[in-house]
Amino acid sequence: MKDKIHSESAPLSKLKRPVSVRHSIRLWVGLLIYAAVIILISQQLWDYMHEHPVVLRALIGGSIAALATAIGTTPVLFSQTLSQRTQDTLYGFGAGVMLAACAFSLIIPGLDAVKSMGVMGGGPWVASGIIGASMLIGAGALMLLDHVLPHEHFIKGREGPADAGRLRRTWLFVFAIILHNIPEGLSIGVAYGVPGEVSGNALAVGIAIQDIPEGLVVAVALLAAGYNRWFAVLIGVLSGLIEPIAAVIGAIAVVGSANLLPWGLGFAAGAMLFVVSHEIIPESHRKGHERWATSGLIIGFVLMMMLDTALG
């Protein structure tokens, strides 16, 4: 009887083996095709960046900001103590840096770009109208993303579509961080389109400075949400990678047409203003530390203003 069972089960094991082999072959073929596509796209992008140094500088600037975010997360590996007051102060500091960046690195260069290009005469009303309209478009685009993309604030809770509850909480945090970092990356890339590299360098340095405490706050918040240290740091590091990607997209947009430069600067400024008003300042004021958050905002604004002026 045992021999009969063994003889009947043997063909089944022989049938399973080829199926497993075929599955492995398809998997490796798929991975090779995926790798080939990535290499091809990377090669094309590298050639494009050599032809357009602005895009390469934007990639470097965005990567520096991403590295700053990664550096900011590392203290979580050694200590998890970060008071709510300190977090709110750091939130305020980041908001101040972004507000100053909007004014000195994006809006003012955008107005100057319209005037120097002589668009529709380049008068003050034309310049302010173009920058104002592009800021509204940028803020509206982020508002739309905020509405359709499910995400979760660390304090405020979940936002977005009603079925966002199906997604794991980790991904909701990630989406919220992406919404926050897209305008920063776009602004860096667009700023490098301004002649002279000054605006791009100043903005990249300023964003990198505020990304260090931002990375720490993100990692600490994930730790408080119940995730382990390494996972919190990993998500914090990955959250910064959207910045070089967005920076390259912004730079390619303004390189493709010089007329898009003022529109791109205004768009980035509007998107950043939306994040500051809708995300950062409310988060920093929810726990009763308004004075500390406001003090951080003022310090961040002054520091970014000094950087932009000194590097200019």
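Residues numbered from 1 in each chain as written. Predicted model: local features only at pLDDT ≥ 70, side-chain atom pairs only at ≥ 80, totals over all residues. Heavy atoms only, no water.

Enquirer: I would appreciate a short explanation of a nonpolar patch on the surface in the present structure.
Expert: On the surface, Ile25, Val29, Ile33, Val37 and Ile41 cluster together to form a nonpolar patch covering roughly 440 Å² of accessible area. By secondary structure assignment, the location of Ile25 is in helix H1 (residues 2-51). (Patch = residues over 30% accessible without salt bridge, like charges linked within 9 Å, V, L, I, M, F, W, Y side chains within 5 Å. Areas by Shrake-Rupley, 256 points an atom, 1.4 Å probe, with all protein chains shown as cover. Salt bridge = Lys/Arg side-chain N within 4 Å of Asp/Glu carboxyl O. Helix = DSSP H or I, 4+ residues; strand = E, 2+ residues; numbered from the N terminus.)

Enquirer: What's the story with the nonpolar core in this structure? I'm lost.
Expert: Considering soluble globular proteins, one finds that nonpolar side chains tend to be buried as a cluster. Ranked by size, the top nonpolar core spans 47 residues in total, and within it Ile188, Leu203 and Leu261 carry the most contacts. Listing elements by their share of this core, those giving two or more residues are helix H2 (53-73), helix H3 (84-117), helix H4 (124-148), helix H5 (169-191), helix H6 (198-224), helix H8 (242-256) and helix H9 (260-284). The leading source of residues in this core is H3, at eleven residues. (Core = buried A, V, L, I, M, F, W, Y, C linked by side-chain atoms within 4.5 Å. Buried < 20%, exposed > 50% of the residue type's maximum accessible area, 1.4 Å probe, protein only.)

Enquirer: Would you mind showing me how to read the packing of H2 against H8 here?
Expert: Describing two packed helices takes the angle between their axes plus the distance from one axis to the other. For the pair H2 and H8, interaxial distance at closest approach is 8 Å and the crossing angle is 160°. Our classification of the angle between H2 and H8 gives roughly antiparallel. Once H2 is placed against H8, the crossing between them reads as right-handed. Of the residues in H8, those touching H2 at Val54, Val55, Ala58, Leu59, Gly62, Ser63, Ala65, Ala66 and Thr69 are Glu243, Pro244, Ala247, Val248, Ala251, Ile252 and Val255. Partitioned by chemical class, the residues of the contact of H2 with H8 number twelve nonpolar, three polar and one charged. (Axes fitted to C-alpha atoms, helices over the stretch in contact; angles between N-to-C directions. Parallel < 35°, antiparallel > 145°, perpendicular 65-115°, else oblique. Left-handed = near helix turned anticlockwise from the far one by under 90°. Contact = heavy atoms within 4.5 Å. Nonpolar A, V, L, I, M, F, W, Y, C, P; charged D, E, K, R; others polar.)

Enquirer: Looking at this structure, how should I read the packing of aromatic side chains?
Expert: Between two aromatic rings, the relevant description is the distance of the centres plus the angle of the planes. Per the stated rule, a full pass over the model turns up one aromatic pair. A centroid spacing of 5.9 Å and a plane angle of 65° characterise the contact between Phe104 and Phe301, whose relative ring orientation is edge-to-face. Here Phe301 lies in helix H10 (residues 290-311) and Phe104 lies in helix H3, a separation of 197 residues in the sequence. On the accessibility criterion, Phe104 (26% relative accessible area) is partly exposed. Take Phe301: its relative accessible area is 29%, and that puts it in the partly exposed class. (Phe/Tyr/Trp six-rings, centres within 6.5 Å; stacked < 30°, edge-to-face > 60°.)

Enquirer: How should I be thinking about helix H7 (residues 229-239) in this particular structure?
Expert: Residues separated by three or four positions in an α-helix point in the same direction, a consequence of the helix having 3.6 residues per turn. Listing the buried residues of H7 in full gives Ala232, Val233, Ile235, Gly236 and Ser239. The arc that holds every buried residue of H7, seen down its axis, measures 165°, which confines them to one face. Capping the start of H7, Asn228 holds a side-chain oxygen 3.2 Å from the backbone nitrogen of Trp230, two or three residues further along. (Arc of directions from axis to C-beta. Polar contact = N/O pair within 3.5 Å; in protein donor to acceptor, adjacent residues only side chain to side chain.)

Enquirer: How do you make sense of the side chain of Ser187 when you look at a structure like this?
Expert: Looking at where Ser187 falls in the secondary structure, it is placed in helix H5. The exposure class assigned to Ser187 is buried, which follows from its relative accessible area of 0%. A polar contact of 2.6 Å, which involves the side chain of Ser187, links it to the backbone oxygen of Glu184. Apart from the residues lying within four places of it in its own chain, the contact partners of Ser187 are Leu106, Leu203, Ala268 and Met272.

Enquirer: I would appreciate a short explanation of H4 in the present structure.
Expert: In this model H4 runs 36 Å from its N-terminal to its C-terminal C-alpha over 25 residues, within 8% of the 36 Å that 1.5 Å per residue would give. Of all the positions in H4, only Ala127, Ile130, Ile131, Ser134, Met135, Gly138, Ala139, Leu142 and Asp146 are classed as buried. (Expected span 1.5 Å × (residues − 1).)

Enquirer: It is not clear to me how the confidence of the model for the chain should be interpreted in this structure. Could you clarify?
Expert: Low pLDDT marks regions whose predicted coordinates should not be analysed in detail. Here the chain shows a mean pLDDT of 79. Residues at 70 or above account for 80%. Averaged over each element, pLDDT in the chain is lowest for strand S2 (residues 157-159) (58) and highest for H10 (90). Contacts of residues 4-10 to residues separated by more than four positions or lying in other chains number zero contacts, the stretch itself having pLDDT below 50. (pLDDT = per-residue confidence, 0-100.)

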